[in-house]
Amino acid sequence: MKRWAKSLRHQAVVLALTVIVTFFVGAFASRWLVPLTQNLTAQTNSPSVPNPSEGALRVAEQLQEAFTWVARKVEPSTVTIMTPSPTIRRFQFRFPPMPGPDPFEEFFRRFFERGIPSPQEEEQPKQPELRPRGSGVIVSPDGYILTNRHVIEGVNKIVVALWNDLRFDAKVVGTDEVTDIAVLKIEPGETKLVPASLGDSDKVRVGDWAIALGNPFGLRQTMTVGIISAIGRRPMETGVGIGYTEFIQTDAAINPGNSGGPLCNIRGEVIGINTAISSPTGGNVGIGFAIPVNTAKFVMEQLTKQGKVVRGWLGVELDEVSNLPDPTALGLKEPRGAVVVRVLPNSPAEKAGLQSQDVIIEFNGIPVRSIAHLQSLVGRTPPGTAVQLKVVRGGKEIVVNVTLAERTPEVVAQAQREAEWRGMVVGELTPELRRQMNIPENVKGVIAMMVEPDSPAARAGIRQGDIITVIANQRVESVNDFVRVTQNIRPNRSAPVTIRRETATTMLIIPPE
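### A look at the overall build of the protein chain
Counting its regular elements, the protein chain contains 12 helices and 30 strands. Relative to its full complement of 513 residues, the protein chain shows a buried share of 44%. Across the protein chain, the fraction of contacts at a sequence separation of at least 24, relative to all contacts at a separation of at least 6, is 62%. Per element, the accessible surface of the protein chain, about 28400 Å² overall, is 54% carbon and sulfur.

### Considering helix H8 (residues 371–379)
Burial within H8 is extensive, with eight of its nine residues counted as buried. Taken residue by residue, H8 has Ile371, Ala372, His373, Leu374, Ser376, Leu377, Val378 and Gly379 as its buried positions.

### Brief notes about the sheet that holds strand E8 (residues 181–186)
The strand order E1-E4-E5-E8-E7-E6 describes a closed barrel built from six strands, whose pairing is antiparallel. Strand-to-strand, the axes of this sheet are offset by a mean angle of 45 degrees, without reference to chain direction. With five bridges joining them, strand E5 (residues 144–148) and E8 adopt antiparallel strand pairing. Following the sheet pairing, Asn148 is matched in E8 by Ile181.

### Overview of the pattern of salt bridges
Per the counting criterion, the structure on display carries 23 salt bridges. Between Glu301 and Lys305 there is a salt bridge whose closest N-O contact spans 3.1 Å. One end of the pair, Glu301, and the other, Lys305, are both in helix H6 (residues 293–306), four residues apart, so they sit about a helical turn from each other. Put simply, Asp466 and Arg501 hold a salt bridge, and the shortest N to O gap is 2.7 Å. Of this pair, Asp466 sits in the loop between helix H11 (456–460) and strand E27 (467–471) while Arg501 is found in strand E29 (residues 495–501), placing the two residues 35 residues apart along the sequence. Exposure remark for Asp466: the relative accessible area of 2% places this residue in the buried category. For Arg501, a relative accessible area of 24% gives the class partly exposed. A cluster of three or more residues bridged by salt bridges with shared partners is formed by Arg149, Glu153 and Arg463.

### Focus on the environment of Glu246
Mapped onto the secondary structure, Glu246 falls in the loop between helix H5 (235–238) and strand E12 (247–250). When residues no more than four places from it in sequence are discounted, the contact partners of Glu246 are Gly232, Arg233, Ala290, Ile291, Pro292, Arg369, Ser370, Ala372 and His373. A polar side-chain atom of Glu246 sits 2.4 Å from a polar atom in the side chain of Arg369. At 3.2 Å, the side chain of Glu246 forms a polar contact with the side chain of Ser370.

### A closer look at the nonpolar core
Residues Val137, Leu146, Ile181, Val270 and Ile273 are the most contacted members of the largest nonpolar core, which totals 27 residues. Elements represented by at least two residues in this core include exactly helix H2 (54–74), E8, strand E10 (209–214), strand E14 (269–277), strand E15 (288–292) and H6. Looking at which element gives the most residues to this core, the answer is H6, with six residues. Apart from the residues within four sequence positions on either side, Val137 is in contact with Ser77, Val79, Tyr144, Ile145, Leu146, Ala196, Gly260, Pro262, Val270 and Ile273.

### Quick look at the packing of aromatic side chains
Under the defined criterion, the tally for this structure stands at three aromatic pairs. Taking 6.3 Å as the distance between ring centres and 75 degrees as the angle between the ring planes, the aromatic pair formed by Phe247 and Phe289 counts as edge-to-face. Taken together, the residues span a long stretch of sequence, with Phe247 in strand E12 and Phe289 in strand E15 at a distance of 42 residues. Assigned by exposure class, Phe247 and Phe289 land together as buried. Note that Lys185 overlies the ring of Tyr144, its terminal NZ or CZ placed 5.4 Å from the centroid.

### Considerations on the environment of Val204
Along the chain, Val204 turns up in the loop between strand E9 (197–198) and E10. Taking the C-alpha atoms as reference points, Val204 and Gly272, separated by 68 residues in sequence, lie 9.9 Å from one another. Those residues within four positions of Val204 in sequence are excluded, and the remaining contacts are Ile228, Ile231 and Ile271.

### Concerning a nonpolar patch on the surface
The grouping of Leu63, Trp209, Val225, Ile227 and Ile266 at the surface amounts to a nonpolar patch, some 350 Å² of accessible area in total. If you trace the backbone, Ile227 turns up in strand E11 (residues 222–233).

### A short note on the pairing of E12
The alternating pattern of E12 places Phe247 and Gln249 on one face and Ile248 and Thr250 on the opposite face, and all of these are buried. Across three bridges, E11 lies against E12 in antiparallel orientation. Its bridge partner being in E12, Arg233 is matched across the sheet by Phe247. Inspection of the sheet shows E12 paired to E15 by three bridges, in the antiparallel sense. Bridging from a neighbouring strand, Gln249 pairs with Phe289 of E15.

### As for unusual backbone geometry
The backbone phi angle of Gln357 is positive, close to 80 degrees, even though this residue is not glycine. Take Gln357: it is sitting in the loop between helix H7 (348–352) and strand E19 (359–363). Judged by its relative accessible area of 53%, Gln357 falls in the exposed class. One non-glycine residue, Ala472, adopts positive backbone phi at about 50 degrees. On the secondary structure map, Ala472 appears in the loop between E27 and strand E28 (474–475). For Ala472, a relative accessible area of 26% corresponds to the partly exposed category.

Here is what the cut-offs are and how they apply
- Going along each chain's sequence as written, the residues are numbered from 1 onward.
- Local features in this predicted model are restricted to residues of pLDDT 70 or higher, and side-chain atom pairs are both shown and tallied only at a pLDDT of 80 or more, whereas totals for entire chains, interfaces and linings draw on every residue.
- Each side-chain value is worked out from all heavy atoms of the structure, with water and hydrogens disregarded.
- Only runs of H or I of at least four residues qualify as helices and only runs of E of at least two qualify as strands under DSSP, and these elements are numbered from the N terminus.
- For each residue, the accessible area found with a 1.4 Å probe, counting protein chains only, is set against the maximum for its type, and the residue is called buried under 20%, exposed over 50%, and partly exposed in between.
- What makes two residues a contact is simply this: any of their non-hydrogen atoms within 4.5 Å.
- To be clear on the numbers: accessible area is Shrake-Rupley with a 1.4 Å probe, and residue cover counts the displayed protein chains and nothing else.
- When DSSP finds two or more bridges between a pair of strands, those strands are recorded as paired.
- Where helices are involved, their axes are fitted lines through C-alpha atoms of the stretch in contact, as for all axes, and angles between N-to-C directions lie from 0 to 180°.
- A pair is scored as a salt bridge if a Lys or Arg side-chain nitrogen falls within 4 Å of a carboxyl oxygen belonging to Asp or Glu.
- We define a polar contact as two N or O atoms separated by no more than 3.5 Å, with the added condition that, inside protein, one atom must be a possible hydrogen donor and the other a possible acceptor, whereas residues neighbouring each other in sequence contribute only through side-chain atom pairs.
- In this description, a nonpolar core means a group of buried Ala, Val, Leu, Ile, Met, Phe, Trp, Tyr and Cys residues linked to one another through side-chain atoms lying within 4.5 Å.
- Note on aromatic pairs: the rings of Phe, Tyr and Trp (six-membered ring only in Trp) are paired at centre separations within 6.5 Å, and the planes decide the class, stacked below 30 degrees, edge-to-face beyond 60, tilted for the rest.
- Any Lys NZ or Arg CZ found within 6 Å of a ring centre and within 35 degrees of that ring's normal is scored as a charge over the ring.
- For patches, a residue must show more than 30% relative accessible area and have no salt bridge; joins then use 9 Å for like charges and 5 Å for nonpolar side chains, namely Val, Leu, Ile, Met, Phe, Trp and Tyr.

Printed below as a string of structure tokens:
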């Protein structure tokens, strides 16, 4: 009995100790461990992010809505220019005739579905497949389309695909090699076209929104967004071998296939025609160039009404103010304008009294930024128009009244002592041309200033800006050499010509006249 009571007291003590230990462990856990785990959990969870204000969201959504509105507005006006891919030749196989029935022929036909090439039926032409070559933009309800000349150059069939994949054959209304603009025409029939709204590129500002649409790498109806990075880019800055226009620079993504497509502002108005990129890789690196739409409108109006581009002509050789060691030496208050290097004989400039070292700073009240800007202003002015030039001469500003003439191959050749042969007009490689086109001093020859469409030179592949170094195995280093050599080539004979284009040298054959 005594042993049993002792055992009972022992169990009670153990139970009491257990309760006491449990209490203290629980208190310790609630005091230290629970807050510790809460802190660890809080550290592993993402910090709370406050919601943006309703005002900020409304502004972002309004901008987003503006972009989607531009897409809906301009996409139906953006087209794909398609041309045949190179002809693919295929082989048609059949078994050659045998003296008697061939028991193995059907066996091989069934299991191999081909036989031995037959010489009589070996090559069969396959219908060329149409592939995207560039972009364009509809500018009138009756089917006129703007694009780049280089998009359609050298093709014999053009198909225009609309946003909904309706396709129409297109004809070339005209092209302008000087500005790389081409005008196409389709016959829409009952199809209702959606022409784009054309803006005013003279009002474009650096920092404005820029929206490019087109078909880069064949990806139709692609839209990219950026800003206007610069305006008034000169052709020599862009590396594009054209003249009589400046360029709009944008960081909106432009890639191969975008050429000829529209560059728009935030109102969905076309402000430029996407033309080129500057890239070490061939793809977009954020430097794209568009021809201002005002230049494109001028060229389109000329081509549709007259079938050719008629430009005003002043008759001076110019240099950039930025090339002067000290612009203040000519009395300039700010570095802008175009410096007259030479006044061409019998030109409007000579008749008006312009002189070498005059700096043209205004054209009809418009400040002149550069040579390309002045050329664009002069070229877009109809021949016979009287204009006022503000000129800095000897530190003083004077006004010179000039009546522009028409820029024709004959007038240019006569005034600049150039020469024409088989549809191309060539001139001397002046220091200004060497600077503009980055032509080394050791390259000798004459430069193709103009090439008439469908002429023997054009059919041979001669382009404006090509440097002609050899004709009929004789070196040509001046216009006099060019005239001397070409005068001895019979009209009914072809002539080999060596040219330098950019950094490559090649030989072309110019056909007879």
